[in-house]
Amino acid sequence: MKGNIDERALQLALYITEHRATVRSAAGAFGVSKSTVHKDVTTRLKRLNPQLYRQVQQVLGANKAERHLRGGAATRLKYSRK
C-alpha cells in the first residue's frame with residue numbers, strides 16, 4: 001500500500017484497534033514491513049491523531065504483554081505434531 005503515508009498510518013491504526021492485531025499481522029494485511037507499521041503507528045500517528053494513537057498503544061501494549069504466551073503455544077503446537 002503505497003501512496004499517502006498519513007492515510008496509511010490512519011488505516012493501519014484503525015485496523016490494529018478493530019482487529020486487536022499485532023504489528024506483524026497488520027504488516028501482512030497491508031503488504032508493508034513491520035518497521036513501516038511501527039513507524040506509522042508510533043511517530044506519524046501521534047502527530048495525526050493523538051486519541052487514536054493512545055488506543056493503538058493500548059492494543060500494542062496488551063500484545064507485548066501476551067507475546068510470551070503466544071510463543072509458548074506455538075512451540076507446544078510445533079512439538080505436538082512430531
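What counts, and where the lines are drawn
- Residues numbered from 1 in each chain as written.
- Predicted model: local features only at pLDDT ≥ 70, side-chain atom pairs only at ≥ 80, totals over all residues.
- Heavy atoms only, no water.
- Helix = DSSP H or I, 4+ residues; strand = E, 2+ residues; numbered from the N terminus.
- Expected span 1.5 Å × (residues − 1).
- Bend = angle between axes of the 7 residues up to and from the residue.
- Buried < 20%, exposed > 50% of the residue type's maximum accessible area, 1.4 Å probe, protein only.
- Contact = heavy atoms within 4.5 Å.
- Core = buried A, V, L, I, M, F, W, Y, C linked by side-chain atoms within 4.5 Å.

Trainee: Is there a simple way to explain helix 3 (residues 34-48) in this structure?
Mentor: Residues separated by three or four positions in an α-helix point in the same direction, a consequence of the helix having 3.6 residues per turn. The end-to-end C-alpha separation of helix 3 is 20 Å, in line with the 21 Å expected for 15 residues at 1.5 Å each. Of all the bends in helix 3, the largest measures some 30° and sits at aspartate 40. Regarding helix 3, the residues found buried are Val37, Asp40, Val41, Thr42 and Leu45. Each element contacted by the buried residues of helix 3 is listed here: helix 1 (5-19), helix 2 (23-30) and helix 4 (50-81).

Trainee: Any chance you could explain the environment of arginine 24 here in plain terms?
Mentor: Position of arginine 24 among the secondary structure elements: in helix 2. For arginine 24, a relative accessible area of 59% puts it in the exposed group.

Trainee: How should I be thinking about the nonpolar core in this particular structure?
Mentor: One recurring pattern in soluble globular proteins is that nonpolar side chains are buried together. Formed by 17 residues in total, the largest nonpolar core has its most connected members in Leu12, Ile16, Val37, Val41, Leu45, Val56 and Leu60. Elements with a minimum of two residues in this core: helix 1, helix 2, helix 3 and helix 4. With five residues, helix 4 is the single largest residue contributor to this core. Among residues more than four places away in sequence, those in contact with isoleucine 16 are Ala21, Ala26, Val37, Val41, Val56, Val59 and Leu60.

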